[in-house]
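# Examination of the molecular architecture
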Amino acid sequence: SAQRQALVDGGKEAAIQAREERKELQKLRTQEQRAKGRLELLAQWEEQHEGYLEGTKNILNGKGPWREAIKGAVGDLFTVDNRFTVAIEIALGGSVNHVVTTTAKAASEGVQFLKSIQGGRVTFLPMDSVKGRPYDTPALSEDGVIGTAVDCIEFDVAYNHIFQYLLGRTLVVETMERAIALQKKYNQQLRIVTLTGEQFQPGGSLTGGATKKKRSSLLSRREEAARLEAELASVEERTTKLEQQIK
């Protein structure tokens, strides 16, 4: 009868749906495992200070009374929005490896430590002697200028002088065209990075291009970790819902 046929069809549909749901659940679990594995690896790299130069790594892993006064490598002391990652990476360049200390005395002890183990060189930024000042230029109100590089990151106010010193005199500009026009207008006096990573120095030089990604940079790794955390949370939520439906 029609009623029996409807029941049979309904049963088939339910079986197909259950199979689909189980397949989807399997897919989510694989995705979850993959995200967790990658996050573990990123956390391990972070712990081992992977991506820093030899000297920086040796200081961060070093032992001794001076170690108390080490605040960390520059790359560990700020966060940056996805949109500005490339610009900030270029603006900082090698100074991402500089090490911030509370005092110049601690920095000199760090230097002695590196000498004693032949452990590479480091630039130290003692908080009691580095005094970066806010930069004021009419160029800040020009079209296409987002602000100084220091405006594009977040950090503890205690490090204000340090980041003003490192990034306070660099302007972040939307495009290379705008940057070229600005340099022309301001007689090649500005220091600029663009959102796509071109760099302009006072005097007129322009640096740009692309490099093959090595063990991806510190900043992009941190960005990847944040993205994976969010992805994991959403996958776990969907997994829980599906599990409840299948029960």
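A few points on the structure. (Residues numbered from 1 in each chain as written. Predicted model: local features only at pLDDT ≥ 70, side-chain atom pairs only at ≥ 80, totals over all residues. Heavy atoms only, no water.)

### Concerning the pattern of salt bridges
Our working rule: We define a salt bridge as a contact between a side-chain nitrogen of Lys or Arg and a carboxyl oxygen of Asp or Glu at a distance within 4 Å. Put simply, DSSP H or I for four residues or longer makes a helix, DSSP E for two residues or longer makes a strand, and each gets a number counted from the N terminus. Between buried and exposed lies partly exposed: a residue is buried under 20% and exposed over 50% of the maximum accessible area for its type, with that area taken using a 1.4 Å probe on protein chains only.
On inspection of all chains with the given rule, the structure shows twelve salt bridges. Notably, a salt bridge pairs R222 with E46, separated by 4.0 Å at the nearest N-O pair. Placement of R222 in helix α7 (residues 218-246) and of E46 in helix α1 (residues 2-47) is noted, with a sequence separation of 176 residues between them. With a relative accessible area of 23%, R222 lands in the partly exposed category. Members of the salt-bridge network, linked through shared partners, are E32, K36 and E236.

### A short note on the sheet that holds strand β4 (residues 124-126)
Selection criterion: Between any two strands, pairing holds if DSSP finds at least two bridges. A fitted line through C-alpha atoms serves as each axis, taken over the contacting stretch for helices, and the angle formed by two N-to-C directions is quoted from 0 to 180°. Should any heavy atoms of two residues lie within 4.5 Å, those residues are counted as being in contact.
The strand order across the open sheet formed by three strands is β1-β3-β4, and the pairing between neighbours is mixed. Either end of the sheet is taken by a strand with one partner, and the two such strands are β1 (70-73) and β4. Shown here is a sheet whose adjacent strand axes are inclined to one another by a mean of 20°, direction ignored. Bridge count for strand β3 (residues 99-101) against β4 is three bridges, and the pairing is parallel. Its bridge partner lying in β4, V100 is registered against L125. Contacting β3 and β4, helix α4 (residues 104-117) runs over the sheet at an angle of about 160° to β4.

### Some thoughts on the packing of aromatic side chains
What describes a pair of aromatic rings is the distance from one ring centre to the other and the angle between the planes of the rings. The condition is simple: Within 6.5 Å between ring centres, the rings of Phe, Tyr and Trp (the latter by its six-membered ring) count as paired, and their orientation is classed by plane angle as stacked under 30 degrees, edge-to-face over 60, tilted in between.
Tallied over the full model, the rule gives three aromatic pairs. Among the aromatic residues, ring-to-ring pairing joins F78, F155 and F163 into one connected group.

### Here's the deal with the sheet that holds strand β10 (residues 206-207)
By definition, the strands of a sheet pair up through backbone hydrogen bonds, in either a parallel or an antiparallel sense. The five strands lie next to each other as β5-β7-β8-β9-β10, forming an open sheet whose pairing is mixed. Each edge of the open sheet is held by one strand with a lone partner, namely β5 (145-148) and β10. Inspection of the sheet shows β5 paired to strand β7 (residues 171-173) by three bridges, in the antiparallel sense. Within β7, the position partnered with T148 by the bridge is L171. Its contacts with the sheet place helix α6 (residues 176-185) against β5, β7, β8 (192-194), β9 (199-200) and β10, and it is angled at close to 165° to β8.

### A short note on the side chain of T137
The topology assignment puts T137 in the loop between β4 and β5. In this view, T137 contacts L171 and L190; residues no more than four positions away in its chain are not counted.

These figures capture arrangement, not role.
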